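What follows is each chain in one-letter form.
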Amino acid sequence: MKWDTLEEEPCSVARTVAVIGDRWSLLILRECFLRKRRFEAFQASLGITRHLLAERLKKLVRFGVLRRIPYQESPKRYEYILTQKGLDLYPIIMSIVHWGDIHMVDARGRPMLHEHKACGKMFDPVMICSECREPLLPKEVHTHPGPGARKVAAAPKDEKPVVRKPRTRAA
């Protein structure tokens with residue numbers, strides 16, 4: 001797979017990686033969820049070059065993750081607002097945060113805690129089944145080809161599958 005053709009792959013992971021699969025795009029999204037909206041605020045918190053930031057913001061706007069709206073006329077300046085498509089990335093960002101909190105935390109502890117406004121409690125994000133509400137565990141999920149899956153040519157019926165013998169080490 002080539003980087004610039006990922007968005008055309010019949011794979012949801014590849015298509016998503018085409019949009020948010022580089023470190024700067026993910027960090028820009030983190031800042032958006034922390035309610036930063038302006039170019040200068042992104043640059044100050046990330047330490048990214050102006051050119052690279054402008055390029056990533058353009059990409060996120062092109063994919064419909066952010067919307068660019070003017071907030072000043074002279075000189076013209078813009079804010080970057082998460083669209084619904086961008087807001088729908090929240091579970092992904094929170095999953096990355098949670099993984100980092102579990103596996104990358106140091107002796108100082110978590111760098112940020114998350115409070116659910118509705119109940120006032122600190123929380124960890126969890127993934128649940130949309131149907132039965134049970135937690136999703138990798139060993140309890142099966143996948144099946146969907147309507148957008150790549151069509152794979154089936155082997156002819158009279159052709160027997162190739163069975164290879166496992167290699168053994170010479171003693």
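For clarity, every value in this text was computed on a predicted model and none was experimentally measured.

A. Broad picture of the pairing of strand β2 (residues 77–82). With 6 bridges joining them, strand β1 (residues 66–72) and β2 adopt antiparallel strand pairing. Note that in β2 the partner of R67 across the bridge is I81.

B. How the structure looks around the pattern of salt bridges. Within this structure, the stated rule accounts for 12 salt bridges. A salt bridge links D22 to R56, with the shortest nitrogen-to-oxygen separation between them at 2.8 Å. Of this pair, D22 sits in the loop between α1 (12–20) and α2 (23–33) while R56 sits in helix α4 (residues 50–62), and the two are 34 residues apart along the sequence. Accessibility assignment for this pair places D22 and R56 in one class, buried. When the shortest N-O distance is used, the salt bridge between E31 and K36 registers 2.8 Å. Bridged by salt links that share partners, the residues D22, E55, R56 and K59 form one connected network.

Thresholds, definitions, all that
- Residues numbered from 1 in each chain as written.
- Predicted model: local features only at pLDDT ≥ 70, side-chain atom pairs only at ≥ 80, totals over all residues.
- Heavy atoms only, no water.
- Pairing = 2+ DSSP bridges.
- Helix = DSSP H or I, 4+ residues; strand = E, 2+ residues; numbered from the N terminus.
- Salt bridge = Lys/Arg side-chain N within 4 Å of Asp/Glu carboxyl O.
- Buried < 20%, exposed > 50% of the residue type's maximum accessible area, 1.4 Å probe, protein only.

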